[in-house]
Every structure is written in C-alpha cells, then in structure tokens.
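Chain by chain, the residues:
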Amino acid sequence: MTLLSVRDLRVRIRDGSRTVTPVRSLSFDLRRGEVLGVVGESGAGKSLTARAVLGMAPYGAEITGSVRFDGRELAGADRRAYAGLWGRRMAYVPQDALAVLSPVHTVGDQIAAAVRSTGCGRAQARARAVAALDRVGIADAARRAKAYPHEFSGGMRQRAVIAMATVNDPDLVVADEPTTALDTTVQAQVLDVLAERRAETGAALMLVTHDLGVVARYADRVLVMYAGRHTESGPVDRVFGQPRAPYTAALLASLPPGEPTADRRLPVLGGAPPAPADVPAGCAFAPRCPLADDRCGAEAPEAVGGAHLVSCHHAVEAAA
Ligand SMILES: Nc1ncnc2c1ncn2[C@@H]1O[C@H](COP(=O)(O)OP(=O)(O)OP(=O)(O)O)[C@@H](O)[C@H]1O
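Per chain, the residues get numbers from 1 upward, laid out in the order the sequence is written. At least 70 in pLDDT is required for a residue's local features to be given in this predicted model, at least 80 for side-chain atom pairs to be given and counted, and no such filter applies to totals for whole chains, interfaces and linings, which use all residues.

In the nomenclature of an unreviewed UniProt entry, the chain is known as ABC transporter domain-containing protein of Streptomyces enissocaesilis. UniProt positions are given in the numbering used here, feature names are shortened, and annotations may be inferred rather than shown by experiment. Quoted verbatim from the Sequence similarities (unreviewed entry) field of the UniProt record, the comment on the chain reads "Belongs to the ABC transporter superfamily." Here the chain is described in UniProt, under the heading Subcellular location (unreviewed entry), as follows: "Cell membrane".

In this section: the overall build of the chain. Counting its secondary structure elements, the chain contains 11 helices and 11 strands. Radius of gyration means the value over C-alpha atoms here, while the globule rule gives 2.2 Å times the residue count to the 0.38 power. Against the 2.2 N^0.38 benchmark of 20 Å for 320 residues, the chain shows a C-alpha radius of gyration of 20 Å, consistent with a compact globule. With the principal axes as the frame, the chain shows a C-alpha extent of 65 × 45 × 40 Å. Expressed as a percentage of the 320 residues in the chain, the buried residues total 45%. Partitioning the intrachain contacts of the chain with sequence separation of at least 6 by distance along the chain shows that 62% fall at a separation of at least 24. Runs of H or I in DSSP of at least four residues are treated as helices and runs of E of at least two as strands, each being numbered from the N terminus. A residue is called partly exposed when the number of other C-beta atoms within 10 Å of its own lies between 12 and 20, exposed at 12 or fewer, and buried at 20 or more, with C-beta atoms placed from the backbone. Each residue is represented by a C-beta atom placed from its backbone, and any two residues with such atoms within 7 Å are regarded as in contact.

Core analysis: the largest hydrophobic core is formed by 97 residues, its most contacted members being I111, A129, L133, A160, V174, M206 and L207. Among the elements that make up this core, the one with the highest residue count is helix α6 (residues 154-166) (seven residues). Built from parts of two domains, this core gets at least three residues from each of domain 1 (55-63 + 70-217) and domain 2 (223-310). When neighbours within four sequence positions are excluded, A160 is seen to be in contact with A97, L101, V107, L133, I138 and F152. What we call a nonpolar core is a set of buried Ala, Val, Leu, Ile, Met, Phe, Trp, Tyr and Cys residues whose membership is set by joining through C-beta atoms within 7 Å. Marked domain ranges trace back to an automatic or database domain assignment.

Looking now at the site of the ligand. Nearness here is judged by the C-beta atom: place it from the backbone, and if it falls within 6 Å of a molecule or strand, the residue counts as near that partner. Near the ligand you find 15 residues, and of these P22, S42, K46, S47 and L48 are the closest. For the shell around the ligand, the secondary-structure elements that each account for two or more residues are β1 (2-15) and α1 (46-54). A total of three residues in the shell around the ligand trace back to one element, the largest contributor, which is α1. Here the residues of the shell around the ligand sort into seven nonpolar, six polar and two charged. Gly is put with the polar residues, along with every residue not named as nonpolar or charged; the nonpolar set is Ala, Val, Leu, Ile, Met, Phe, Trp, Tyr, Cys and Pro, and the charged set is Asp, Glu, Lys and Arg.

In spatial order, the strands read β2-β1-β4-β5; together these four strands make up an open sheet with antiparallel pairing. Each having just a single partner strand, β2 (18-31) and β5 (72-73) make up the two edges of the open sheet. Strands were regarded as paired on the criterion that DSSP finds at least two bridges between them. Examined bridge by bridge, β1 and β2 share nine bridges and lie antiparallel to one another. Each bridged residue has a counterpart across the sheet, and for L9 the counterpart in β2 is L26. The strands touched by α1 within the sheet are β1, β2 and β4 (62-69), with β1 carrying the most contacts at an inclination of about 115°. Note on method: axes are straight lines fitted to C-alpha atoms, helices fitted across the in-contact stretch only, with angles between N-to-C directions ranging 0 to 180 degrees.

With 18 residues, helix α7 (residues 184-201) extends 26 Å between its outermost C-alpha atoms, agreeing within 8% with the 26 Å of an ideal straight helix rising 1.5 Å per residue. Positive backbone phi, at 75°, marks G202, one or two positions downstream of α7. One less than the number of residues in a helix, times 1.5 Å, gives the span that helix is expected to have.

Under the UniProt annotation, "domain: ABC transporter" (unreviewed entry) lies at residues 4-252. The span residues 4-252 is 37% helical and 27% strand by assignment, and the distance between its end C-alpha atoms comes to 27 Å.

Turning our attention to the sheet that holds strand β7 (residues 172-176). The seven strands lie next to each other as β6-β7-β8-β3-β9-β10-β11, forming an open sheet whose pairing is mixed. Every interior strand has two partners, whereas the edge strands, β6 (90-93) and β11 (309-310), have only one. In this sheet, strand β10 (residues 229-235) lies alongside strand β9 (residues 221-226) in antiparallel orientation, the contact comprising six bridges. Bridge assignment links R221 to a residue of β10, and that residue is P235. Along the sheet, α6 makes contact with β6 and β7, crossing β6 at roughly 175°.

Most of helix α10 (residues 246-253) sits out of view: seven of its eight residues are buried. Residues of α10 that are buried sit in contact with α8 (212-218), β9, β10 and α9 (236-241).

Further remarks concern unusual backbone geometry. The phi dihedral of D8 falls on the positive side, at around 50°, and the residue is not glycine. Tracing the backbone shows D8 in strand β1. With phi around 50°, S25 is a residue other than glycine that occupies positive phi space. Counting through the fold element by element, S25 comes out in strand β2.

Where burial is concerned, most of β10 is hidden: six out of the seven residues are buried. Linking β9 to β10, which pair antiparallel, is a turn of two residues; within it A227 sits at a positive phi near 50°. Bridge count between β10 and β11: two bridges; the pairing is antiparallel. The residue bridging E232 from the neighbouring strand is V310, located in β11.

Written out as structure tokens, the structure is:
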C-alpha cells in the first residue's frame, strides 16, 4: 500500500538575485515498509527532495505539486501540519547527527523527550530511551544515556539518532547520506543498524545516498535523479541489472569493478551536471549524453513505463 505519493514536486528557491528550481516535475511513490534509494550526482536535488517531503525545506523555498503522506496532502503545509508527524510518524536521520541532537541535553533525555511527545510518562520514557540505545548497539546503554552528544564518537552519535528516529515506530524514516561523515569501517555497521531498526519497526525508508553499492545492498527500489528531475525508477535489480536510461547506465559503468551489476556499454561519464540556473531546455542530460539528438535538446522527456519508469527519448525497452 502506498505510504508516500509525490507528484510533480517542484522546489523553487532564491539564489542571490535570481530564483532557481533545483527540483522540478518529480514524481515517485514509496510503499509501506519499502526501502527507496535516491541516487544521483551532487546537486541532483536529493536533499531538497528529502527535506520537502519532511516539511523541512530551507527558509524561503516554495514547494508546489503534491506530497501525500498516508492520504494527507502536505505540500506547502506549514510547520503546524507537521508538528504531529515529526518524531512520531515520520523521522529524519541527517548526515550530521549534531543537526538534530542538542549539545546541552543528554542523549538519553533527548530520546526520552521524543517518547514523551507521544504522551508517555517520564519513567517509562527513560526506560524506553535506554532500551532504544541498547537496540542500536550502544553498549552499557543505561550509563551512556546520561552522556552528552559530544562524549559520543561519530558512529555512536549516528546510532543514537537512529535510536531516536525509530523509538516511536514511525511509518517513514528519511535518511539523508546517513553515514557519509563517518569512517568507512563504521559506515557499514551504522547502515546495518538502520536497516535492522527499519525492519523491526516496519517503517518505510527513503535513503538518500550517492553510493550505488549502498542502494544495491539495502534498497528495494531506486529513484535515479538528474538535475532535479526523475531519470529512472523501479526495483533495484531491474534498474541496476537492465538500466533503461543512458544516464543510469553511465553511472553504473563508472563504478569500480565488483560493484553492483554494471553494464559497461557506455563510457564513464564525462563532464558535470548543470547548476540549477543553467539547466538546459529539453532533457537536462542531453549535453553529456552520447545518444542525444535534436529532440532531446528541445523536449523534456516524460516518465514512461510501468513498474520500471524511465524519462528518456532513447530509453532501452524494458525486458518483459
Ligand atoms: N538553500 C538553497 N539556496 C539556493 N540553492 C540551493 C539551496 N539548497 C540547495 N540548493 C541548490 O539546489 C541544488 C540541489 O541541492 P541538493 O542539496 O538537493 O542536491 P543533492 O543531490 O542532495 O547533492 P549532494 O549529493 O551534494 O548533497 C544544488 O545545486 C544546490 O546548490
């Protein structure tokens, strides 16, 4: 069943003296309990999309289109509309734990406060906070709950944020590059903890990452974005096994050998994506695409296909 339905999402934002549209005409769905990986090069609009879904778009950003969460329209809603949702039904795991953890309260108190927002009593909230820390692999959780965020390592802080995000069994967790700031040795452990907690709570997870290997390992479906738009989406094994858009194929081909099934027909991507103010008319990828022709320069492609959607005038036919 669909939990989150995003249609024709557009994020407009002032950038100095002009207004840019870093996310445009973006549509995707997330089903209950599903893990959706959102990938694309830097500047593709992944973070803005995540923040638009959460009602946490930067100040002054204009959100249009539709963001339906469990049947409720949230696009452009004010913070009051989200107040009953944050921390209870939807939760955020950012790249930097300190963006959501206060430095002046203990980790345990902060998780307990999230529990208390559901109406739970003080003693029980504390006990649940300690249990939540224990579940994310924080040893000696009762003692560690009394520590402040700066007394935790980066990996432990991220575990604490995962504990806080999942303590109230939310329907949706949005994780934006949740391990990018961590040492590589710790990244996999923290992602495993996030995946475990997701499975235990049954939450859906929107996992923003630039790492296709992470998507291959943890996600059910993938959304590939380019210059703020949908490029390709569908089940991970189909999109990575038989990419239909030249951009997805090139992204996969640029992976080191041994990474997810990479079709290496296309050369490694040259050039860089356009800045939001310089997105060309037509297909945004056309200037870098080996298959681009006049139509690509003139006409932005619509998303076509059933479960495996692609926005490309030269899309490879999906295998039956
Ligand atoms: N507050 C803002 N004001 C103006 N432009 C912004 C703002 N936030 C983001 N942008 C622009 O929007 C585009 C998309 O940004 P976003 O952070 O969503 O990309 P991303 O795909 O998450 O990239 P990365 O992988 O580097 O985090 C970027 O070009 C960025 O410069």
